[in-house]
Amino acid sequence: MRRGVLAACAAGVLAAAAHLLSAGFSEARLEPAGVVKEAWIYPAVDLLAWACLLLAAAVLLGRLLPEDAVPRLRALLLRPRPALFAAAAGLWVALAGMLVAQVLLSGEPSDIDDIARLHQARCFGEGRLSFETGPEPDPFTVYGLVRRDGRTFSKYEPVPALLYAASWRTLGRPTALNPLLGGLLVVLAYGVFRRAGAEGTARAATVLLCLSPFLLFMSGSLLTHVLAAALVAGVCLLLAPRGAGEPAAGPGTIPLLLAGALLSLGLASRPYTTFLAGGTLAAWCVLRDGLAPAPRRAAAILLGAAPGVALLLLYNDALTGDPLLSPFRAFDPREVPWFGYMGHTPAEGLANGGRMLLVLNQHLFGWPSSLLFLPLFLLRERTWLDRVSAAVALSLVLGHLSYYWIDFRFGPRYWYEAVPFLAWLTARGMGGLDAFLRGIGVPATGHRSALAALLLFTLFGAVFYLGSLLRLYGRDYGHIAPVPAAAVREGLREAPTLVLLPEVDTAENGGFSSAFLANPLDLAAVARLDRAAAALGPGATEEALGRAAAVPAAAVAGIRASGRVLFARELDASTEARLRAAYPGRRVCRLDRDPVQGGVVVWTRDGGEALPRVLLRAK
């Protein structure tokens, strides 16, 4: 009778939760990007309501589980040796990330920033930092590329592009990098967790990471947050205490030097994140044992960071002519975190923070309320990692209040580097759920309520959340639908062609930005060769073309082959005429979406037909 009443109550609570969840899971909550206009209070009320509702359901369901459910699950979780467990967790994340990258995202960029970073990786892969700007650069330029002193280069920091270039050269594709970094992130996080708590808690937190859609989907992207998160986790592992028996001197000189080196890599990858999260970890390490060891530790960290910082300053000087002027600031000096740019105010910062909190609440573990257990760890004896985790997460939250933009690609990605620390806090809170229940007069269940909550939330996430997320990414997430540039190039290979793309008033150009990665980097040399070929006629030799275009004869054939099909934006009515003059002798086509049959269609009027002639259809 008692179990039947509990089951009926639990079913009622779950029915109410399902109704509210299905009604509230609109596309707006999975919106890719945008400045949020909602007040912060609405996400906070929503979060509190979900927390109370699902906690009640978990307490009821926990009493229906077998009494030995938690000990049996714990024994199963602890059975693999630590090295085997870490390897399995890292391999799972790497494989899942590769599936996301290749199957869901088709190996294409999912964010406009990726286009500039891959351009930068191609430059590095060819042994260059920049390329000569072509004669008509505007139709060929995408967001994030800087044109300065006749050169074109990316505004972004160099380390991610170097790694993408290495992945391209060794593994055949840049998308292989982030899945491997995602696996490394989980392994490093597990190492940090083992330093701070019982093995069971460490493994529970690692399992949460392996279940996180936020972590898995980001691991399949080309975004640089995955690298930054791995660097932050590596810094934390180097600086972490090694247990109760650690000497008072704290970490030795070698770990401090290595931590400084990783921080310098972070500054050359995502400087603001490194300043916030990495700076918090460094400050904690320097000050945690008082002022006596602080100068030695600070000096060692700074010494370890010095070579990387020096190289970054040389990189700035090579591109901008000023070691203190980064390409990022050369692109737009205003594009830094502060109030005022693009009308950003403290009120909008709070609204953005509330919105990101709501999205994180769904994306972190795919739960309707993934932040439910975070405050509960305060009710238990706190460890050093509890405090550090809270500090790192808070630094990212507060630091990005002043940032003028938010973005929800794969989750609130500006907070991504806090994911391992949030997983730890959640695992700690789940372990303290029984103590919390006793504190409010509810009989303890031997951690069965925490297990029920985990099962309940995972089921809800799989049913209500994951399908929405897959559909969102499967529908050309972020409006940057990859144009099948390779298919277009193969279909138009019989003659030099200029393909005009529709200009759309969005940064992603309505889904056509990824086509620019199919263009050769040295557009200036292509233009000179086109003009030389037009002047010398079809019988000109490669040597003659090279002399006329100031291009080495050995490079003429490769440049002409790579530039046989060029993609450019049709900015205005005069674009075609300007491009014909800059790149003469080319057939001019237009590419657009096919609203009837789907995919894209390439058509031309060069033959004088009354109606456009379709040259190619591609899905």
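Each remark here, short or long, concerns the structure printed above.
Draft legend 1. Fine view of empty space enclosed by the protein. Enumeration over the complete set of coordinates arrives at four cavities of 30 Å³ or more. One number sums up the size of the largest cavity: a volume of about 250 Å³. Contributing to the lining of the largest cavity are 22 residues, with His119, Phe140, Leu145, Thr152 and Leu523 lying nearest its centre. Looking at the lining of the largest cavity, the elements that each hand over two or more residues are α5 (112–125), β1 (131–132) and β2 (145–148). Counting residues per element, the lining of the largest cavity draws most heavily on α5, at three residues. Split by residue class, the lining of the largest cavity holds 12 nonpolar, six polar and four charged.

Draft legend 2. Just the pattern of salt bridges, in detail. The final tally for this structure, using the stated rule, is 18 salt bridges. Aspartate 114 is the salt-bridge partner of arginine 117, the closest N and O atoms lying 3.9 Å from each other. Separated by three residues within a single helix, arginine 117 and aspartate 114 lie in helix α5, roughly one turn from each other. Grouping residues by exposure puts arginine 117 and aspartate 114 together as buried. Between aspartate 332 and arginine 334 there is a salt bridge, with its nearest N and O atoms 3.1 Å apart. The exposure class assigned to aspartate 332 is buried, which follows from its relative accessible area of 9%. Each of Glu570, Glu576, Arg580 and Arg590 takes part in a single network of salt bridges with overlapping partners.

Draft legend 3. A look at the nonpolar core. Residues Leu215, Tyr416 and Phe567 are the most contacted members of the largest nonpolar core, which totals 125 residues. Residues contacting leucine 215, with those up to four places away along its chain left out, are Val93, Leu185, Val186, Leu209, Tyr416 and Val419.

Draft legend 4. Representation of the packing of helix α4 (residues 82–104) against helix α7 (residues 177–196). Here α4 crosses α7 at 150°, and the two axes come no closer than 7 Å. With respect to α7, the axis of α4 lies roughly antiparallel. The crossing of α4 and α7 is right-handed. Of α7, the residues touching α4 (which contributes Pro82, Phe85, Ala86, Ala89, Gly90, Val93, Ala94, Gly97 and Met98) are Pro179, Leu180, Gly182, Gly183, Val186, Val187, Tyr190 and Arg194. Among the residues making up the contact of α4 with α7, the classes are represented as 12 nonpolar, four polar and one charged.

Draft legend 5. Seen up close, the pairing of strand β4 (residues 497–502). Taking burial as the measure, the six residues of β4 include five buried ones, the bulk of the element. Two strands pair when backbone bridges link them, and β4 and strand β5 (residues 565–570) are joined in this way by six bridges, in the parallel orientation. Within β5, the position partnered with proline 502 by the bridge is glutamate 570. Relative to strand β6 (residues 587–593), β4 runs parallel, the two sharing four bridges. Opposite leucine 498, over in β6, you have valine 588 as the bridge partner.

Draft legend 6. The arrangement of unusual backbone geometry in detail. For aspartate 149, which is not a glycine, the phi torsion comes out positive at approximately 55°. Looking at the element boundaries, aspartate 149 is found in the loop between β2 and β3 (151–154). Non-glycine residue methionine 342 carries a positive phi angle of around 55°.

Draft legend 7. Layout of the environment of tyrosine 341. Secondary-structure assignment places tyrosine 341 in the loop between α14 (327–331) and α15 (346–363). Among the residues examined, tyrosine 341 registers a relative accessible area of 9% and is labelled buried. Counting along the chain gives 63 residues from tyrosine 341 to tyrosine 404, while the straight-line C-alpha distance between them is 6.7 Å. Non-local contacts of tyrosine 341, meaning those with residues more than four positions away in its chain, are made with Asp332, Arg334, Glu335 and Tyr404. In this structure the side chain of tyrosine 341 is engaged in a polar contact, spanning 2.9 Å, whose partner is the side chain of aspartate 332.

Reading the values: rules and limits
- Every chain's residues receive numbers from 1 upward, in the order its sequence appears when written.
- Under the rules for a predicted model, residues below a pLDDT of 70 receive no local features and side-chain atom pairs below 80 are neither given nor counted, while totals for whole chains, interfaces and linings still include all residues.
- Water and hydrogen atoms were dropped before computing side-chain values, which therefore reflect all heavy atoms in the structure.
- Using a grid of 1 Å spacing that covers the protein atoms alone, one calls a set of points a cavity when a 1.4 Å probe fits there but cannot get out, and a pocket when the set is open and has protein on both sides within 12 Å along at least five of seven lines; lining residues are those with an atom within 4 Å of a point.
- Grid points are joined across faces, edges and corners, and a volume is the space filled by probe spheres set on the points.
- In this description a helix means any DSSP run of H or I spanning at least four residues, a strand means any run of E spanning at least two, and both kinds are numbered starting from the N terminus.
- Under the scheme applied, nonpolar residues are Ala, Val, Leu, Ile, Met, Phe, Trp, Tyr, Cys and Pro; charged residues are Asp, Glu, Lys and Arg; polar residues are all the others, including Gly.
- Salt bridge, as used here: a side-chain nitrogen of Lys or Arg that lies within 4 Å of a carboxyl oxygen of Asp or Glu.
- Burial classes: relative accessible area under 20% of the type maximum marks a residue as buried, over 50% as exposed, and values in between as partly exposed (1.4 Å probe, protein chains only).
- By nonpolar core we mean a set of buried residues, namely Ala, Val, Leu, Ile, Met, Phe, Trp, Tyr and Cys, connected to one another through side-chain atoms within 4.5 Å.
- Residues count as neighbours in contact if any of their non-hydrogen atoms are within 4.5 Å of one another.
- The axes are straight lines fitted to the C-alpha atoms, using for helices just the contacting stretch, and the angles between their N-to-C directions are given from 0 to 180°.
- If an angle is under 35 degrees, it is roughly parallel; if it is over 145, roughly antiparallel; if it lies from 65 to 115, roughly perpendicular; otherwise it is oblique.
- Crossing handedness is defined as follows: a turn of the near helix away from the far one that is anticlockwise and smaller than a right angle gives a left-handed crossing, while the clockwise case is right-handed.
- Here a strand pair is declared whenever DSSP counts at least two bridges between the two strands.
- Polar contact criterion, stated in full: a pair of N or O atoms within 3.5 Å, where within protein one must be able to donate a hydrogen and the other to accept it, and residues adjacent in sequence count only if both atoms are side-chain atoms.

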